[in-house]
Amino acid sequence: MSGTMTNRRRTKKYSSPGTLLLFLGPALFVIVLLRVWPVFQGVFIAFTSWDGIRDPVFNGLDNFTRMLSDPVLLTALGNTSKILVLAPIWILGPLLLAAVIQDRIPGASFFKIAYVLPVLVSPVVIGVLFVIILGPEGPLNTALRGVGLGFLANNWTVDTNLVMWIVAGMVIWSSFGLGVLLFTAALASVDESLYEAARIDGANWGQRFRYVTLPSVRGVTEYWTVMVVIMAFSSAIVLGYAFSQGGPGYASTTVDLFIYNQAFRYGAPGYATAVGITLFLLLGILLLVFLRLSRRRGESMFDDSGTPL
Amino acid sequence: MEMQRSIKRLLGVASVAALAVGLASCASSSSSGSDDGDETGNLVVWDLLSGSDPNWKAVMDEVDQQFEADHPGVTIERVAQPADPAVIKQLMQAAAQAKSGPDLIMTWAWGDVLSLKPSLAPIDKYISDDQRNQLSGWEGVTFDDQTYGVPIGLQGLGISYNSQLFEKAGLDPDNPPQTVDELISACKALNDAGITPIGGGNKEGYLSGWTYSTLFAGSATADQAAALATYDSPMNEPPVSTAVEGIQSLVDAGCFDPDMPATPWYPDGFEKFQTGEAAMQFTIYSQFAYMQDPTIGQYVRFIPSIENTVEPEFLPAGAMNVWAVTDFSKHKKLAAELALFQEQAQFQQERLDTGSYFPNNKDVSFDAFLAKNPGASSLVDLLKAGKPTFLPAHNMQDSKTNDVFQSQIELAMLGQTTYEDALQQAEDSRKAQYPVLMGTE
């Protein structure tokens, strides 16, 4: 009894506003200073005309209306959407590979390492590597000429119809291993008895993948999908710049490179921030809708005991 | 209760302290805004070359020692910064907002000076007439009749050519092309002889800029060039369009290497010229090292200008870089003195002799340089004769318009857009960027 009283007194003592402020204050201060304040500052800057040096001048919605008629921004959005178009491969490819590796194929460890290696390589190095591979006298054109397919040899890096697809392929290739790694870890925790049961029921590999693997790693698939969407909008800049500098023309300028150029090269941080904020909101809405749909669909894939239906 | 009171007291003291610091910093920044500043103290210099070139650093170390010896109580802190305009802009944005940072920065002429102008101090009153006459390249640092920097060295453009390949193609190496028409004839002769007429790469669009600047000097009068420097000259009208038509005629005549647009990197663009496969190459003055190349060095010569529609009145050359004094410097006069001190003939001579940095100081001797680079004599003769220089045209574009111009001309050279559309886009960008750059938005 006396012990309970002491605990209550102690709880009361440590939950006083002053004590809470003392314990939480420093951390809150850092969070507000480094996270919350810059967001508010960014929102303010988005409504200004600012070159980064003179004082910002409030210009209302000018930056936002400018976006609607900026052909380069629309081109950049189109280019980024080319990466998104390939998202199904980016999402399901690693899962399929992980499932194949999980089946203990010969040399499984080698394949795991081989897929993960590109993740460890700097995006700049990858961009440079592809420049060499796809150069006019590079290995690809040389190989094509060597096997009598010289008519397919191309100036890949300056072909405006192809260059963005190449950048998209590089972005996916460079992070593919991360997905394989995630799904391999997720598959290792799937109850083997589910596969046993499926086998006894006569399910083939495809059916086991469809009815056991997919529902079992739904959580990781959701996580990977969110990551893929975020990476599509934010990870192409370094690869794309190292490979083609956003060109020829704007053929491989992605939306993240567009924002960087506006903010740091063209003296328009206000406009860049407006684009960044709009993109952040769009991306947020997109992901919320996806997660809600995914959750609703996920709920119908399991019975009450959590077993895949 | 007691603790709450303590916290309130603590917050109160912190607020007063913050207010006091804020007021003090406001007071100090406003007082240093208009005067010459202190005569002693620590001068912070941002140098874009001392981190990457030991030859440059050696000369600048000497500069620092001599300046410190001449100015007791002054120390120079030379900070090596990356030679990346975007990085320098970011660093300067942070410094300008904090009203604290370097006293003297190295940057690039025209566009970067213009965009940093709100945080730079005019230095006219510190420059004597003699110092002004001794150096060239002031057009890259002068806006609204005020001088915002001291030009560093001379960087220009022209065409390097291989005299041996000229001979092979039946061309007279002692009379290289002087006009676009002669250039086109030479291209034909070289193509007929199986030699690539003009090598080069265009991956970053630089070749478009270099070719344009070279031809602009043969398309514009000195007055028209001056109009370009105030950014009043439309990009889709003569003389800009005339220079671009010159590029088009070279492309149409098959002057350029067919692989030119897809060369992977900047150095790859020079490979064919360096290996003796291409007869000509648009080059900048800092590439005269070609003349010491064991393969082609003895054959390399230089064409300093090409006539397109007018006889060149000036060479397409301007300040390689610029020293600029910051508006928030507490040593403005001292910083300006250091800027001028380091560009005097003695140090430019050393930089030319040890690092091949082309000088913009009239008192520098080219004797030792010419002994090593005889092919540059055509240019040196013109400079000695007092031929005026004017900043290359592609340097007189803001960074966005420059990107638009170079990438669109690159597309036009690839046949993926028309030259008219390319110039219209560049003009649209110039018009949009003009108020941003001139601060009249």
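If you're wondering where the values come from, they're calculated on a predicted model, not measured in any experiment.

### Side note on the overall build of chain A
- Helix and strand counts for chain A stand at 15 helices and 2 strands.
- Counting only C-alpha atoms, chain A reaches 90 × 70 × 30 Å along its principal axes.
- The long-range fraction of contacts in chain A, counting pairs at least 24 apart against all pairs at least 6 apart in sequence, stands at 67%.
- For chain A, the computed accessible surface area is about 17000 Å², with 70% contributed by carbon and sulfur atoms.
- Between the centroid of the 21 positive side chains of chain A and the centroid of its 16 negative side chains there is a distance of 11 Å.

### Thoughts on the overall build of chain B
- The secondary structure content of chain B amounts to 17 helices and 11 strands.
- Burial status across chain B gives 55% buried among its 441 residues.
- Restricting the contact set of chain B to residue pairs at least 6 apart, pairs at least 24 apart contribute 77%.

### Some points on the interface of chain B and chain A
- Facing 38 residues of chain B, the contacting portion of chain A comprises 34 residues.
- Both sides of the chain B and chain A interface together cover about 3000 Å² of buried area, and 56% of this is carbon and sulfur.
- Taken together, the links from chain B to chain A amount to 1 salt bridge.
- For the salt bridge of arginine 265 of chain A with aspartate 403 of chain B, the shortest nitrogen-to-oxygen distance reads 2.8 Å.
- Viewed at the interface, chain A and chain B are joined by 6 residue pairs in polar contact (both at pLDDT 80 or more).
- Only α1 (2–31), α3 (85–98), α4 (111–116), α16 (399–413) and α17 (419–438) of chain B provide two or more residues apiece to the side of chain B that touches chain A.

### Things to note about the pattern of salt bridges
- Tallied over the entire structure, the rule returns 16 salt bridges over all chains.
- Between glutamate 137 of chain A and arginine 145 of chain A there is a salt bridge whose closest N-O contact spans 3.9 Å.
- With a relative accessible area of 43%, arginine 145 of chain A lands in the partly exposed category.
- Look at the salt bridges and you will find they share partners, linking Asp47, Asp64 and Arg78 of chain B into a network.

### Regarding the domain arrangement of chain A
Residues and elements named next belong to chain A.
- Domain annotation of chain A identifies domain 1 (16–64) and domain 2 (70–299).
- A C-alpha centroid distance of 33 Å is found between domain 1 and domain 2.
- Residue-level contacts link 10 residues of domain 1 with 9 residues of domain 2.
- Between domain 1 and domain 2, a total of about 650 Å² is buried, with carbon and sulfur atoms accounting for 73% of that surface.
- Summed over the shared surface of domain 1 and domain 2, the number is 0 salt bridges.
- Taken together, the connections running from domain 1 to domain 2 amount to 0 residue pairs in polar contact (both at pLDDT 80 or more).
- Those elements that provide at least two residues to the side of domain 1 that touches domain 2 are α2 (17–46) and α3 (62–68).
- The biggest single contributor to the side of domain 1 that touches domain 2 is α2, with 4 residues.
- Residue classes in the side of domain 1 that touches domain 2 are distributed as 5 nonpolar, 4 polar and 1 charged.

### Some thoughts on the nonpolar core
- Membership of the largest hydrophobic core comes to 131 residues, with the highest contact counts inside it found for Tyr212, Phe216, Trp323 and Phe358 of chain B.
- Two domains each provide a minimum of three residues to this core, namely domain 1 (41–155 + 318–373) and domain 2 (156–317 + 391–438) of chain B.
- What tyrosine 212 of chain B contacts, discounting residues up to four positions off in sequence, is Leu228, Val240, Ala243, Val244, Ile247, Ala393, His394, Gln397 and Phe405 of chain B.
- Grouped together as the second largest cluster of nonpolar side chains are 63 residues, Ala99, Ile126, Leu187 and Val228 of chain A included.

### Here we look at the confidence of the model for chain A
- Overall, the prediction assigns chain A a mean pLDDT of 86, with 91% of residues at 70 or greater.
- The secondary structure element of chain A with the lowest average pLDDT is helix α1 (residues 2–14) of chain A, at 63, and the one with the highest is helix α4 (residues 71–85) of chain A, at 93.

### A short note on unusual backbone geometry
- Of the consecutive residues glycine 247 of chain A and proline 248 of chain A, the connecting peptide bond is found in the cis state with omega at 0°.
- As for its position among the elements, proline 248 of chain A is in the loop between α13 (236–244) and α14 (255–265).
- With an omega of 5°, the peptide bond between proline 238 of chain B and proline 239 of chain B qualifies as cis.
- With respect to the helices, strands and loops of the structure, proline 239 of chain B is situated in the loop between α9 (222–229) and α10 (240–252).
- Backbone geometry places glutamine 245 of chain A, a non-glycine residue, at a positive phi of 55°.

### Focus: the environment of asparagine 141 of chain A
All names here are of chain A.
- When you line up the elements, asparagine 141 lands in helix α8 (residues 139–146).
- Take asparagine 141: its relative accessible area is 1%, and that puts it in the buried class.
- Along the primary structure asparagine 141 and isoleucine 237 are separated by 96 residues, whereas in three dimensions their C-alpha atoms are 26 Å apart.
- Residues contacting asparagine 141, with those up to four places away along its chain left out, are Gly135, Pro136, Ala153, Asn154 and Trp156.
- For asparagine 141, the side chain forms a polar contact with the main-chain oxygen of glycine 135, separated by 3.4 Å.

### What to know about the packing of α4 of chain A against helix α9 (residues 163–188) of chain A
Residues and elements named next belong to chain A.
- Interhelical geometry of α4 versus α9 gives an angle of 50° and a closest axis separation of 9 Å. In terms of orientation, α4 lies oblique with respect to α9. Between α4 and α9 the crossing geometry is right-handed. On α9, the residues touching Asn79, Lys82, Ile83 and Val85 of α4 are Met164, Trp165, Ala168 and Val171.
- For the contact of α4 with α9, the residue count by class is 6 nonpolar, 1 polar and 1 charged.

### Focus on the packing of aromatic side chains
Residue and element names in this part refer to chain B.
- If you walk through the whole model with that rule in mind, you get 29 aromatic pairs over all chains.
- Taking the centre distance of 5.0 Å and the plane angle of 70° together, the rings of tryptophan 110 and tyrosine 231 count as edge-to-face. Placement of the pair is tryptophan 110 in the loop between β3 (104–107) and α4 and tyrosine 231 in the loop between α9 and α10, with a sequence separation of 121 residues.
- Owing to a relative accessible area of 0%, tryptophan 110 belongs among the buried residues under this scheme.

### Here's the deal with the packing of helix α6 (residues 108–120) of chain A against α9 of chain A
Residues and elements named next belong to chain A.
- It is at 6 Å that the axes of α6 and α9 come closest, and there the two elements cross at 130°. Considering the angle they form, α6 stands oblique to α9. As for the relative orientation of α6 and α9, their crossing is left-handed in sense. Across the interface between the two elements, Lys112, Tyr115, Val116, Pro118 and Val119 from α6 touch Trp173, Ser174, Ser175, Phe176, Gly177, Leu178, Val180, Leu181 and Thr184 from α9.
- Here the contact of α6 with α9 is composed, by residue class, of 9 nonpolar, 4 polar and 1 charged.

### A look at the side chain of aspartate 256 of chain A
Residues and elements named next belong to chain A.
- You can see aspartate 256 is positioned in helix α14.
- Arginine 265 is the oppositely charged side chain nearest to the buried, salt-bridge-free aspartate 256, at an N-O distance of 13 Å.
- Separated by 3.4 Å, the side chain of aspartate 256 and the backbone nitrogen of alanine 236 make a polar contact.
- With residues near it in sequence (within four places) discarded, aspartate 256 still touches Phe233, Ser234, Ser235, Ala236 and Ile237.

Here is what the cut-offs are and how they apply
- Residues numbered from 1 in each chain as written.
- Chains lettered and ligands numbered in written order.
- Predicted model: local features only at pLDDT ≥ 70, side-chain atom pairs only at ≥ 80, totals over all residues.
- Heavy atoms only, no water.
- Helix = DSSP H or I, 4+ residues; strand = E, 2+ residues; numbered from the N terminus.
- Contact = heavy atoms within 4.5 Å.
- Areas by Shrake-Rupley, 256 points an atom, 1.4 Å probe, with all protein chains shown as cover.
- Lys, Arg positive; Asp, Glu negative; His and termini not counted.
- Charge placed at Lys NZ, Arg CZ, Asp CG, Glu CD.
- Buried < 20%, exposed > 50% of the residue type's maximum accessible area, 1.4 Å probe, protein only.
- Buried area = accessible area lost by both parts, 1.4 Å probe.
- Salt bridge = Lys/Arg side-chain N within 4 Å of Asp/Glu carboxyl O.
- Polar contact = N/O pair within 3.5 Å; in protein donor to acceptor, adjacent residues only side chain to side chain.
- Domains from an automatic or database assignment.
- Nonpolar A, V, L, I, M, F, W, Y, C, P; charged D, E, K, R; others polar.
- Core = buried A, V, L, I, M, F, W, Y, C linked by side-chain atoms within 4.5 Å.
- pLDDT = per-residue confidence, 0-100.
- Axes fitted to C-alpha atoms, helices over the stretch in contact; angles between N-to-C directions.
- Parallel < 35°, antiparallel > 145°, perpendicular 65-115°, else oblique.
- Left-handed = near helix turned anticlockwise from the far one by under 90°.
- Phe/Tyr/Trp six-rings, centres within 6.5 Å; stacked < 30°, edge-to-face > 60°.

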